[in-house]
Amino acid sequence: MSDSDVTNVDGGAAGDDGPNADAAGAPTTGSTSLDLGSGGPNVSEEYPLQVEALRKSFGGITAVDDASFRVKQGSLTGLIGPNGAGKSTTFNLITGMLQPDSGTVTFDGEDITGQRPHAIANKGLVRTFQIARELQEMTVLENLMLAPKGQRGEALWRSVTPGFRDTVVEQETELLERVWNVLEFFDIDHIAEEYAGNLSGGQRKLLEMARALLTDPDMLLLDEPFAGVNPSLEKRLLQHIHELREEGYTFLLVEHDMDLIMENCERVIVLHQGRVLTEGSPDEIQANEEVIEAYLGGNV
Ligand SMILES: Nc1ncnc2c1ncn2[C@@H]1O[C@H](COP(=O)(O)OP(=O)(O)OP(=O)(O)O)[C@@H](O)[C@H]1O
């Protein structure tokens, strides 16, 4: 990962199920669907995310070199490539964490190139974030109550009319309901009162995804969501991703575990030295000589 990558590397040890770990261990959410009270994802384009000739250099290094690709609505698309291929930089350019030197990013028909991260997230293009240090001192429930967009701020709350207060109370009640839906969906309701800082690596990943979902995204960008996650939680996370995809959410996933990508993504985009080397189905990618060569020379 580059220095600018902000999503990853959790502190929890793989295999550690953390406080109040799910005693059953097995996925229990197979039939749960997620009601966020927002009507679910809402994009009109067949390819909501389109990246066109995107370019970013750092000094003499061209990290992303005229990369173009698009991501299909409702798909789970993998973005792969050897170390240093430009995956994190691409994510950072799409989500506004970095400004491109040239090229465009279009989301749901709108040019969002160079917009600020919160503006892009407000449009429904959301990446998961590592739980910040100050949020680790708050409970899981508090973390989720703080996540959604469009909430009226605390400062406003103090200085407003009684009518406005009623509206805020109503909003809070609705929000609490949505938060519990998400907690149950991810099967982490039993750790609602646990401090985020005490969670295992895997539980933190679930919380990060739960937080992202409460912002009403249409598309989620996941940067190595399984790093440090034990196999049973990995299975659960994957199951949740597939369930959400079936509900119409779109996912772009950066992941080093090639088997996981090939087994779960319907489309794979391969970056190499900042360029899109090829894209296709997992079978096509696995049979592609250029990809094999890039990886063999790429020190994966
Ligand atoms: N802030 C930065 N300053 C200088 N060089 C950078 C910066 N961020 C990335 N790079 C360089 O750009 C290239 C692409 O890096 P990037 O992190 O995007 O690749 P990646 O595919 O995510 O790699 P990995 O799989 O190892 O995480 C690398 O050569 C990297 O060293």
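Throughout what follows, the structure given in this document is the object of discussion. All residue numbers here refer to positions counted from 1 along the written sequence of the relevant chain. Residues qualify for local features only when their pLDDT is at least 70, as the model is predicted, and side-chain atom pairs are given and counted only at 80 or more; totals for whole chains, interfaces and linings, by contrast, use all residues.

## What to know about the overall build of the protein
1) Next: In DSSP terms, a helix is any run of H or I states spanning at least four residues, a strand is any run of E spanning at least two, and both are numbered starting from the N terminus. Looking only at helices and strands, the protein features 11 helices and 10 strands.
2) Next: For every residue, the other C-beta atoms within 10 Å of its own C-beta are counted; 20 or more classify it as buried, 12 or fewer as exposed, and values in between as partly exposed. C-beta atoms are placed from the backbone. Counting across all 300 residues of the protein, residues that qualify as buried make up 39%.
3) Next: Residue pairs in contact within the protein that sit at least 24 positions apart in sequence constitute 75% of those at least 6 positions apart. Contacts are defined on C-beta atoms placed from the backbone: any two residues whose C-beta positions lie within 7 Å are in contact.

## Examining the environment of Gly-274
1) Next: Take Gly-274: it is sitting in the loop between strand E9 (267-272) and strand E10 (275-280).
2) Next: Taking C-alpha positions, Gly-274 is 23 Å from Met-219, a pair spaced 55 residues apart along the chain.

## Points about helix H1 (residues 87-94)
1) Next: Of all eight residues that make up H1, eight are buried, and the element is covered over most of its length.
2) Next: Of all the positions in H1, only Lys-87, Ser-88, Thr-89, Thr-90, Phe-91, Asn-92, Leu-93 and Ile-94 are classed as buried.
3) Next: Directly beyond the C-terminal end of H1, a positive phi value near 85 degrees is found at Gly-96.

## So, unusual backbone geometry
1) Next: The phi dihedral of Asp-66 falls on the positive side, at around 60 degrees, and the residue is not glycine.
2) Next: Exposure remark for Asp-66: the 14 C-beta atoms within 10 Å place this residue in the partly exposed category.
3) Next: The backbone phi angle of Asp-216 is positive, close to 60 degrees, even though this residue is not glycine.
4) Next: Position of Asp-216 among the secondary structure elements: in the loop between helix H7 (201-213) and strand E7 (219-223).
5) Next: Under the C-beta neighbour-count criterion, Asp-216 is labelled buried, with 21 such atoms within 10 Å.

## A closer look at the sheet that holds strand E1 (residues 49-58)
1) Next: Taken together, four strands build an open sheet; the order of strands is E2-E1-E4-E5 and the sheet is antiparallel. Strands with a single pairing partner mark the edges of an open sheet, and in this sheet they are strand E2 (61-71) and strand E5 (110-111).
2) Next: At least two DSSP bridges between two strands are required for those strands to pair. As paired strands, E1 and E2 are joined by eight bridges and run antiparallel to one another. Considered in E2, the bridge of Arg-55 is made with Asp-65.

## Overview of the nonpolar core
1) Next: Among buried residues, those of type Ala, Val, Leu, Ile, Met, Phe, Trp, Tyr and Cys that are joined through C-beta atoms within 7 Å form a set called a nonpolar core. Residues Leu-144, Val-182, Ile-188, Leu-207, Ala-210, Leu-220 and Leu-253 are the most contacted members of the largest nonpolar core, which totals 66 residues.
2) Next: Looking at this core, the element that brings in the most residues is H7, giving six residues.
3) Next: Contacts of Ala-210, omitting those with residues within four sequence positions, involve Leu-144, Val-182, Phe-186 and Ile-188.

## Observations concerning the pairing of E7
1) Next: Buried residues dominate E7, accounting for five of its five residues.
2) Next: In E7, alternate side chains face the same way, and those of Met-219, Leu-221 and Asp-223 on one face and Leu-220 and Leu-222 on the other are all buried.
3) Next: Of the pairings in the sheet, the one linking strand E6 (residues 125-127) to E7 comprises three bridges and is parallel in character. Paired with Leu-125 across the strands is Met-219, a residue of E7.
4) Next: With five bridges joining them, E7 and strand E8 (residues 250-254) adopt parallel strand pairing. Counterpart to Leu-222 in the pairing with E8 is Leu-253.
5) Next: Considered for its hand, the β-α-β crossover made up of E7, helix H8 (residues 231-246) and E8 is right-handed. The handedness rule is simple: strands pointing away from the viewer, and a clockwise path from the first strand over the helix to the second, make the crossover right-handed.

## As for the environment of Leu-233
1) Next: Inspection of the secondary structure assignment puts Leu-233 in helix H8.
2) Next: By C-beta crowding, Leu-233 is classed as buried, having 28 other C-beta atoms within 10 Å.
3) Next: Distance in space between the C-alpha atoms of Leu-233 and Thr-128 is 17 Å, their sequence separation being 105 residues.

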